[in-house]
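# Overview (structure and organization)
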Amino acid sequence: MSAGDGMPALTGALAEFAAGFSDPPPPPVVRSRTLEVVADGIGVLLAAADPRFSTFRRIMDFVEDQQGKGEATLIGRAKKTGCVDAALANGTLGYACDFEPHHPEGILHPVAIMVPVALALCERTGAGGQTLLDAVTLGCEVEYRLSMALGPAEQYHLGFHPSAVCGCFGATAAAGFLLGLDAEAMVRAFGLAGCQASGLMAWESDPTENSRPFQMGMAARNGVTAALLANRGFGGPTAIFDHGHTVFHAFSRNADPDRLILDLGTTFDGIMELAIKPYSSVSFLHPALDVSLGLVAEHRLKPDDIAELTMHFPRSGVHCVDGNPLRSHCAQYVLPVALARGKIEPADLFFDRREEDRTIADLSARIKVVADDGELEQLFPDFYATVITIVTRDGRTFTKRQDIARGYPESWLTEKERWAKFDTVLSGVASPERIAGLKSAILDLPDSGSVTPLAALLGQSPDN
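So, a few notes on the structure that sits alongside this text. Just so you know, these numbers come straight off a predicted model, no measurement behind them.

So, about the pattern of salt bridges. Enumeration according to the criterion identifies 28 salt bridges in this entry. Measuring nitrogen to oxygen at the nearest pair gives 3.8 Å for the salt bridge that ties Arg341 to Asp348. Overall, Arg341 belongs to the partly exposed group, its relative accessible area being 33%. One salt bridge connects Arg358 with Asp362, and the closest N-O pair in it is separated by 3.5 Å. A residue pair is termed a helical-turn pair when its members lie 3 or 4 positions apart in one helix, as Arg358 and Asp362 do in helix H17 (residues 358-364) at 4 residues.

Shown next as structure tokens:
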């Protein structure tokens, strides 16, 4: 795909792709997969609207104080605000539970951003359900392409959060598409996104876990802002991906810019390579959870039987999971909770189970993380390859490696498993009747001329 006359090659090509997206429409398999990940993302999004969770209370109180005009729904608050603030608040909820669809290779959480952006702009513009889904597809694709062009590991090494930095551009593409921006305006929108793109891994030191999901809300807000400004004729950098102070110079030291538009419009790995999480925790720990729970079940071990559990993980990702102050990212918290309870769920991220369960607290001290510089490291970030070794108190040793976690495209959750997760994750905030209504509204999106029914159900205050 080549850029139009006078447009820089990369920036122009991506702008033309975004402006003309859905003509022709994405392939049916892409649209079908988009609906599946949107359904999962919506369930997790609403699950975060639990009044017990500080992230929900604080971000919603903040945006309500801004008193924006009532055009877009605030999830779980029975109120509306301006679409910029709605994107901020709902985008924050999208990642609050760390349970939403993610992109293993790109190290991204795009659905947490794109669903709130698309919902807010569809409410503003009156666009229908299939348009919402197409906007999510587009936003996920742009975010993924930029992350791969920058290099996910490169961004981590520099202290940047790929989901936040690249998510801003994905949100811009989705919002610009819904606003009907032409290619020239989309160029300026991407430039304005570049002026706002941000997100540091510094949130790893915030044990409240409020600033972690705020990164997604920030990306959503900034992307919507960029598109709205461009729609009003606001000027912006016109070659943000091509020359001058580009994003490639700012957020990477080993970028591959051509990956931004390679096979543009013919491959949709931004959607097709997403994974659905079976566990409410950082995705880096999912292979370890699969293996640990499997070994315990296979050998009928109880937590007290485990003398030591060692997790070998790629060195480039160890900093994120070894002794992290955040419960969602701490191997020494997530693994003991899962082993003691057989699962880990959103509430476990907001309330420290070590304080109330001595078994979990004791097992935490027996979990060790070891950095691998060999094959596991070489596979990262394409794979979160993990080796688990369990030594029992009676002297037995069990070791197993896993590279691909359950829920990845290669090990996709069944329809029954996906809806079971939807029911379970919403049980704390929605009645069975409301959950059934949400399912129907989601499944009706491809044929719905309005997102109002879905927004109304999402906007209701928690039932429980």
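On to the packing of helix H8 (residues 162-179) against helix H9 (residues 183-196), then. Interaxial distance between H8 and H9 falls to 9 Å at its minimum, and their mutual angle equals 150 degrees. As the angle between them shows, H8 and H9 are arranged roughly antiparallel. Handedness of the H8/H9 crossing: right-handed. Counted together, Cys168, Phe169, Thr172, Ala173, Gly176 and Phe177 of H8 and Met186, Ala189, Phe190, Ala193 and Gly194 of H9 form the full contact between these two elements.

What follows concerns helix H20 (residues 432-443). If you check H20, its first and last C-alpha atoms are 17 Å apart, about what 12 residues at 1.5 Å a residue would give, namely 16 Å. All of the buried residues along H20 are Arg434, Ile435, Leu438, Ala441 and Ile442. Buried residues of H20, viewed axially, fall in a sector of 125 degrees; they line one side. Seen from the buried face of H20, the exposed residues on the opposite side, beyond 90 degrees, are Pro432 and Glu433. Buried residues belonging to H20 abut helix H2 (28-47), helix H19 (415-426) and helix H21 (452-459).

This next bit is on the pairing of strand S6 (residues 397-402). Examined bridge by bridge, strand S5 (residues 386-392) and S6 share 6 bridges and lie antiparallel to one another. Each bridged residue has a counterpart across the sheet, and for Thr389 the counterpart in S6 is Thr399. What sits between the antiparallel neighbours S5 and S6 is a turn of 4 residues, in which Gly395 has the positive phi angle 95 degrees.

Tallied over the full model, the rule gives 16 aromatic pairs. Judged by centre distance (6.3 Å) and plane angle (55 degrees), the rings of Phe53 and Phe351 are tilted. You can see Phe53 sitting in the loop between H2 and helix H3 (54-66) and its partner Phe351 sitting in the loop between helix H16 (347-350) and H17, a full 298 residues away along the chain. On the basis of relative accessible area, Phe53 is assigned to the buried category, the value being 2%. Residue classification places Phe351 among the partly exposed residues on the basis of a relative accessible area of 29%. Pairwise contacts between aromatic rings join Tyr156, Phe284, Phe313, Phe380 and Tyr384 into one cluster. It is Arg33 that lies over the ring of Trp412; its NZ or CZ is 3.8 Å from the centre. The cationic tip of Arg212 hangs over the ring face of Tyr95; the distance from NZ or CZ to the ring centre is 4.7 Å.

If you trace the backbone, Ser252 turns up in the loop between helix H11 (247-251) and helix H12 (269-272). Note on Ser252: relative accessible area 4%, which makes it buried. Engagement of the side chain of Ser252 in a polar contact is seen with the backbone nitrogen of Asn254, the distance being 3.1 Å. With near-sequence residues (within four places) excluded, Ser252 lies in contact with Leu150, Glu154, Leu158 and Val247.

The subject of this paragraph is the sheet that holds S6. Spatial ordering of the open sheet is given by S4-S3-S5-S6, a layout of 4 strands whose pairing is mixed. Two strands bound the open sheet, and with one partner strand each, they are strand S4 (367-372) and S6. Strand-to-strand, the axes of this sheet are offset by a mean angle of 15 degrees, without reference to chain direction. Pairing of strand S3 (residues 306-314) with S5, which is carried by 6 bridges, proceeds in the antiparallel orientation. Note that in S5 the partner of His312 across the bridge is Val387. Helix-sheet contacts for helix H13 (residues 286-298) involve S3, S5 and S6, and the interaxial angle to S5 is about 30 degrees.

Turning to unusual backbone geometry, a few remarks are in order. Note the cis peptide between Asp23 and Pro24, where omega equals 5 degrees. Structurally, Pro24 can be placed in the loop between helix H1 (9-19) and H2. Omega for the peptide link from Phe380 to Pro381 comes to 5 degrees, which places this bond in the cis form. Take Pro381: it is sitting in the loop between helix H18 (375-379) and S5. With a phi angle near 50 degrees, Ile107 is a residue other than glycine that sits in the positive phi range. Within the fold, Ile107 resides in the loop between helix H4 (83-96) and helix H5 (110-125). In this structure Ile107 comes out as buried when scored by relative accessible area, which is 5%.

So, how was this worked out
Residues numbered from 1 in each chain as written. Predicted model: local features only at pLDDT ≥ 70, side-chain atom pairs only at ≥ 80, totals over all residues. Heavy atoms only, no water. Salt bridge = Lys/Arg side-chain N within 4 Å of Asp/Glu carboxyl O. Buried < 20%, exposed > 50% of the residue type's maximum accessible area, 1.4 Å probe, protein only. Helix = DSSP H or I, 4+ residues; strand = E, 2+ residues; numbered from the N terminus. Axes fitted to C-alpha atoms, helices over the stretch in contact; angles between N-to-C directions. Parallel < 35°, antiparallel > 145°, perpendicular 65-115°, else oblique. Left-handed = near helix turned anticlockwise from the far one by under 90°. Contact = heavy atoms within 4.5 Å. Expected span 1.5 Å × (residues − 1). Arc of directions from axis to C-beta. Pairing = 2+ DSSP bridges. Phe/Tyr/Trp six-rings, centres within 6.5 Å; stacked < 30°, edge-to-face > 60°. Lys NZ or Arg CZ within 6 Å of the ring centre and 35° of its normal. Polar contact = N/O pair within 3.5 Å; in protein donor to acceptor, adjacent residues only side chain to side chain.

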